[in-house]
Amino acid sequence: MSAILEVRNLTKQFRGFTAVDNIDLHVEEGHIHALIGPNGAGKTTVFNLLTKFLPPTRGEILYRGKPITGMKANDIARLGLVRSFQISAVFAHMTALENVRVALQRKLGTSFHFWKSEKSLDHLNERALELLDEVGLREYADVLTVEMPYGRKRALEIATTLALEPTVMLLDEPTQGMGAEDVDRIVELIRRVAGGVQC
Ligand SMILES: Nc1ncnc2c1ncn2[C@@H]1O[C@H](COP(=O)(O)OP(=O)(O)OP(=O)(O)O)[C@@H](O)[C@H]1O
Ligand SMILES: [Mg+2]
């Protein structure tokens, strides 16, 4: 069967210490997988390898059948292989809307569009509001991220990841440190953004 992401014999050693030992993955479009393991098992390292934050010691990564092992982090993100971080990666002193807008601008490839008409910025706002809606954060649009409840911040991270229009989303412990109610909301959100997928 055709995989969107395939990993073979992926290994990472840090000065002789093997953090990731010969893993194989086969991910098909529309499927949700969970990588589970105790603290220090190597989950974050796998994500770092897949998104090229770290070079692998050995192994091969294929995206839609093509080797991407030698590609740079930016190019990998442009292919649609997008990750979130275990530690919150949203800007605390921006509103929820501003955070999503920054992510949308990042997708466009430039950080500032001061020369563009107000109309195109309005369009960005519209899309940002849609994304906030998608993750249930419409009413937080004008709230500073630092003032948002923890669970909602994690949902905002998913919105900023979605802004990059990923084809594969790698979420590093998206429910870490959450209460049961927030966990349910995030699980439901992941199912919804994956669009009626099989787990
Ligand atoms: N840059 C690094 N240099 C040296 N060792 C590292 C480095 N990054 C990770 N490690 C080690 O690799 C192992 C795997 O760490 P990793 O962070 O991938 O685990 P994890 O499964 O994500 O754990 P957690 O559940 O705590 O997030 C750990 O023993 C860690 O100390
Ligand atoms: Mg980790």
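These lines cover the structure that appears in this document, whether it is placed above or below. Quick caveat: nothing in here was measured; it's all calculated off a predicted structure.

Further remarks concern the site of ligand 1. The immediate surroundings of ligand 1 are formed by 13 residues, with G40, G42, K43, T44 and T45 found nearest. At 2.9 Å, a backbone N or O of G42 approaches an oxygen atom of ligand 1. The contact in question runs from an oxygen atom of ligand 1 to an N or O atom on the side chain of T45, over 2.5 Å. Elements that contribute at least two residues to the shell around ligand 1 include exactly β2 (17–27) and α1 (43–50). Top contributing element to the shell around ligand 1 by residue count: α1, with 3 residues.

This part is about helix α6 (residues 180–194). Taking 1.5 Å of rise per residue, 15 residues should cover 21 Å, and α6 covers 21 Å from first to last C-alpha, within 8% of that figure. Inspection of α6 places D182, I186, L189 and I190 among the buried residues, and these make up the whole buried set. The buried side chains of α6 occupy one side of the element, clustering within an arc of 100° when seen end-on. Counted as exposed and oriented over 90 degrees from the buried face of α6: A180, E181 and D184. The first or second residue beyond α6 is G195, which carries a positive phi of 75°.

Moving on, we come to the nonpolar core. Counting residues in each nonpolar core, the largest one holds 26 residues, and the members touching the most others are V100, L132, L137, L156 and I158. Counting only elements with at least two residues in this core, the list comes to α3 (96–108), α4 (118–134), α5 (150–162) and α6. Listed in part, the 17 residues of the second largest apolar core include I4, L5, L10 and I61.

All chains considered together, the criterion is met by 0 aromatic pairs. Lying over the aromatic face of F53, R83 brings its terminal NZ or CZ to 5.2 Å of the ring centre.

Applying the stated criterion across every chain yields a total of 10 salt bridges. Among the ionic pairs, D133 bridges to R138, the shortest N-O distance being 3.6 Å. Using a relative accessible area of 44% as the deciding quantity, one classes D133 as partly exposed. Across the salt bridge formed by E181 and R185, the nearest N and O atoms sit 3.3 Å from each other. Highlighted residues: E181 and R185, both in helix α6, separated by 4 residues, approximately one helical turn. You can call R185 partly exposed: its relative accessible area is 29%. What emerges from the salt-bridge pattern is a single network uniting E181, D182 and R185.

Time to look at the sheet that holds strand β1 (residues 5–14). Ordered by their spatial adjacency, 4 strands build an open sheet running β2-β1-β3-β4, and the pairing between neighbours is antiparallel. Edge strands, defined here as strands with exactly one partner in the open sheet, are β2 and β4 (66–67). Pairing of β1 with β2 involves 7 bridges; the strand directions are antiparallel. From the neighbouring strand, Q13 faces β2, where its bridge partner is T18. Relative to the sheet, α1 contacts β1, β2 and β3 (58–63), its axis offset from that of β1 by approximately 115°.

One non-glycine residue, E165, adopts positive backbone phi at about 50°. Following the sequence through the fold, E165 ends up in the loop between α5 and β6 (168–170). Even without being a glycine, E173 presents a positive backbone phi close to 50°. Mapped onto the elements of the fold, E173 is located in the loop between β6 and α6.

What counts and how
Residues numbered from 1 in each chain as written. Chains lettered and ligands numbered in written order. Predicted model: local features only at pLDDT ≥ 70, side-chain atom pairs only at ≥ 80, totals over all residues. Heavy atoms only, no water. Near = heavy atom within 4 Å. Polar contact = N/O pair within 3.5 Å; in protein donor to acceptor, adjacent residues only side chain to side chain. Helix = DSSP H or I, 4+ residues; strand = E, 2+ residues; numbered from the N terminus. Expected span 1.5 Å × (residues − 1). Buried < 20%, exposed > 50% of the residue type's maximum accessible area, 1.4 Å probe, protein only. Arc of directions from axis to C-beta. Core = buried A, V, L, I, M, F, W, Y, C linked by side-chain atoms within 4.5 Å. Phe/Tyr/Trp six-rings, centres within 6.5 Å; stacked < 30°, edge-to-face > 60°. Lys NZ or Arg CZ within 6 Å of the ring centre and 35° of its normal. Salt bridge = Lys/Arg side-chain N within 4 Å of Asp/Glu carboxyl O. Pairing = 2+ DSSP bridges. Contact = heavy atoms within 4.5 Å. Axes fitted to C-alpha atoms, helices over the stretch in contact; angles between N-to-C directions.

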